[in-house]
Each structure stands twice: as structure tokens, then as C-alpha cells.
Amino acid sequence: MKKPKLSLLNFLKIVPDRVEKIENAPDKEPKPSSSYKANELAASLHPAVQYLTVSAITKLSDDVKLFRLTPGKAAGTKRLAPFGAGQYISVTVNAGGCTYSRPYSIASSPLEAAEFYEIAVKRVKDGIVSNYIHENWTVGTAVTASDPCGEFGYEPLRDAKTVVCAAGGVGITPFCSMAKAINEGSESFDMVLLYCARKEEDLIFKSEFDAMSGVKAVYVLSDEEKPGFEHGFADAGLIKEYAPDGDFSLFVCGPKAMYKFVGSEAKKLGLRRKFVRKEVQGEPTDPQNEPDYELADKESYTVTVMQNGTVKTVVCGADEPILRALERGGVSAPSRCRSGECGFCHSRLVSGRCYTPASCDGRREADKIYGYIHPCIAFPREDITIEVPPAR
Ligand code: FES
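Residues numbered from 1 in each chain as written. Predicted model: local features only at pLDDT ≥ 70, side-chain atom pairs only at ≥ 80, totals over all residues. Heavy atoms only, no water.

## Describing the sheet that holds strand E3 (residues 88-95)
Turning to step 1, where the next piece is worked out: The strand order across the open sheet formed by six strands is E4-E3-E6-E1-E2-E5, and the pairing between neighbours is antiparallel. Of all the strands in the sheet, the pair left with one neighbour each is strand E4 (98-105) and strand E5 (117-122). Sheet twist, expressed as the mean angle between neighbouring strand axes with direction ignored, is 40°.
Turning to step 2, where the next piece is worked out: Inspection of the sheet shows strand E1 (residues 50-59) paired to strand E6 (residues 142-145) by four bridges, in the antiparallel sense. The residue bridging Leu 52 from the neighbouring strand is Val 143, located in E6. (Pairing = 2+ DSSP bridges. Helix = DSSP H or I, 4+ residues; strand = E, 2+ residues; numbered from the N terminus. Axes fitted to C-alpha atoms, helices over the stretch in contact; angles between N-to-C directions.)

Rendered as C-alpha cells:
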């Protein structure tokens, strides 16, 4: 094909040519934007909402159930959005007249998304959502969820070829997906898994890892000593023992105490910052333990919420994340990660003051300067007024 000549004259003609074509175009209704191929593709990759159906439930332990979710075709989701191993979906439930959301990592593999997602839900003491799910979801239950999101995946431009993965509790789920992705060939890094638990019976995905050939799985028990298992914790010594010489990445997902512990052990190993990554889902529920904790002068404060032209007031405990108070008060606020990272709950602080722990503050500098907060990780320190975007 003959290449067009590059000339300034051709360049200057682009706009007049386009204007002429627009003016001479037939006078008919434009196609709705949803009928363009690019928009169809974007909607299938990033649907605003996914309607799912519980198609199977497996009890993994006394307090953990695995839910298989398939497209809710009758509700309008024909196929599941694809995802990268390590991502999560945010699930919405209506309990007691209020709407709550919670993020759950996808435990199934990216290729399995052609048919289903699987999420593991651990029942948490006093946890509104986890208890609701355990008690109410049965085969056939309709579920509303977000598209897959999150950045906790392998990125070859940033991460080392070998990744040591430290997992505890249901924090094993993103690593289940990564391991399956390696086995099916959709990921290609070397995975060394340090799967930590108190006792062998708590290693709820052990049989799955035992059956996989492409991953080196090491089981670490803190409360039992048994042949074939490491005893103790994922400390610097154990990580070094199983890590290769040279560079490696360290991914961590588990209970909150694990981040602090493994994070300080990583410092002993002198790992570069980019090689240490963690997946935290859920708000900081114990701000008192933060090194920069700011004492409150009252037990609770009022939060006046402006949203969509309406004004509502809710009460928020001094050590309660504002997002929780909003949900409890019947305000439908946008959220995804609930840990300060995604920015989905980004809201304007109109007046008053909040405390945000530095350890999870994922706001941009401009947001801090111009008074924006992430209600999922912010705690009131005065009566406040905030402007919350409508839930999507
Ligand atoms: S929900 Fe992600 S930052 Fe608040």
C-alpha cells in the first residue's frame, strides 16, 4: 500500500476535512453509544455491576465456605468479566434494610472465569456481611458484585521472576488463583508459597496445592510440630531458606497482624520496596494500634452526609471507619477495597476534621491538600460534613 506523504499541508487539512464530512453526513439518528464495538468490549471487560448466582457451596471448615458464582443470565449478566489472578470482586448484600459491601479475592483461575468465580468467605465474629452470607446464601441465591478489581497480581516489569508468597487464613485465596494460573499457563513466574496456619486442619486449601506441580508449597504451623511441616512463622530465616539467591518478590496476604510481622521481617532481608507487596482488604478496625493514632475527645461524632441533593446525618464512633457508619445509617456509598487503596469511596470533606492512619493512607497528595478523604479508612475527630458521590 502506498504510504501517505507527510506534509504540513495534509496536517492542516485534517480539521477542515472532518468538519466538511460532518456537515455533509446524512441527517439520521446517531447509533446509541452502546452499539459501538469498542463500547461493547469495554462494558464486557468492566461491567458496572455483575449479576451472579450461587451455583455450589463447599464447606471448607467450621467457619469457611467456598461459594461458586455463575452468571445470573436472567438478571442480565451473560458472561463473567475476565480477571487477573490476585484480583477481587466486591460483593453487595442487603441486611436489615441497609446495603453493605465486602471485597473477596477470587480463588478460582482466570480461565475458569469462562464459567464461574469462586470466593471463600470466613465467618467473622460480629461480622454483619460474613454472617449474613453464611446464613442466607444457598444454591440459587442471586448475588450482586462489582467487576474484578485490585492490583495484587504479578507484573513482570516490576516483580522478580520468583515470588515468595506468605499466606495466612483466607488470605490464601489470591494465591490459589495465582497457582492455578501458573498451572494452566496463564501466568509464568516461579511461586514459592509459605502457607501459614496454627494447625494442619486450618490449611483448608492444602489438598489443592498438593495436587499442583508448578508451585513449591511449604506448610508452616505455629501450634504444631509435625514431620513434613515447618514450625513457627514466616520469619526472615524461613523466607531466606526457601527464597532463591538474588532478587525475589515477597507477596503477603493474611490477617492484619501478619502484615506487620512479615513486613518487619522483610526489612531484615533488605528487600527493595517494590519487591514487597501486600493485599489488605477491609478497614483498619484497630486504629488505636497505629503508631500515629490520634486520640479522640469524644466517643462518637455526627457525620452529615450530602449525596445526590439529599442531606442525612449519621452517628460514627471515634474509632469506627466512617464508611461503616454510612452503611449502618442507610447511606449507599461507593466502595471496593475498603482499605484505602482503590479510591472508589473518595469523598469531599466539607467541614470538620478526620484522622487517617498513615499506614493505609492511599490518597494522592492533591486530595490531602484539597480536603478529600477515603471514608473506608478515615475516623472523625470532630463533627463533620462530607459530600459522598452516588453509589455506582
Ligand atoms: S473503598 Fe477503596 S479506598 Fe475506600
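## As for the pattern of salt bridges
Turning to step 1, where the next piece is worked out: Taken as a whole and assessed by the stated rule, the structure comprises 28 salt bridges.
Turning to step 2, where the next piece is worked out: With its nearest N and O atoms 3.8 Å apart, the salt bridge here joins Asp 383 to Lys 298. Of this pair, Asp 383 sits in the loop between strand E18 (379-380) and strand E19 (384-387) while Lys 298 sits in the loop between strand E12 (276-278) and strand E13 (300-307), and the two are 85 residues apart along the sequence.
Turning to step 3, where the next piece is worked out: In this structure, Glu 382 engages Arg 353 in a salt bridge whose closest nitrogen and oxygen atoms are separated by 3.6 Å. With Glu 382 in the loop between E18 and E19 and Arg 353 in the loop between strand E15 (347-351) and strand E16 (354-355), this pair connects stretches of sequence that are 29 residues apart.
Turning to step 4, where the next piece is worked out: One network of salt bridges, in which partners are shared, links Arg 102, Glu 283, Arg 324, Glu 327 and Arg 338. (Salt bridge = Lys/Arg side-chain N within 4 Å of Asp/Glu carboxyl O.)

## Some details on the pairing of E6
Turning to step 1, where the next piece is worked out: Burial of E6 is one-sided: the residues Val 143 and Ala 145 facing one way are buried, the residues Ala 142 and Thr 144 facing the other way are not.
Turning to step 2, where the next piece is worked out: Note that E3 and E6 share two bridges and pair antiparallel. Bridging across to E6, Val 91 finds its partner in Ala 145. (Buried < 20%, exposed > 50% of the residue type's maximum accessible area, 1.4 Å probe, protein only.)

## Quick word on the pairing of E15
Turning to step 1, where the next piece is worked out: With two bridges joining them, E15 and strand E17 (residues 372-373) adopt antiparallel strand pairing. Bridging across to E17, Ser 347 finds its partner in Ile 373.

That is the geometry; function is a separate question.
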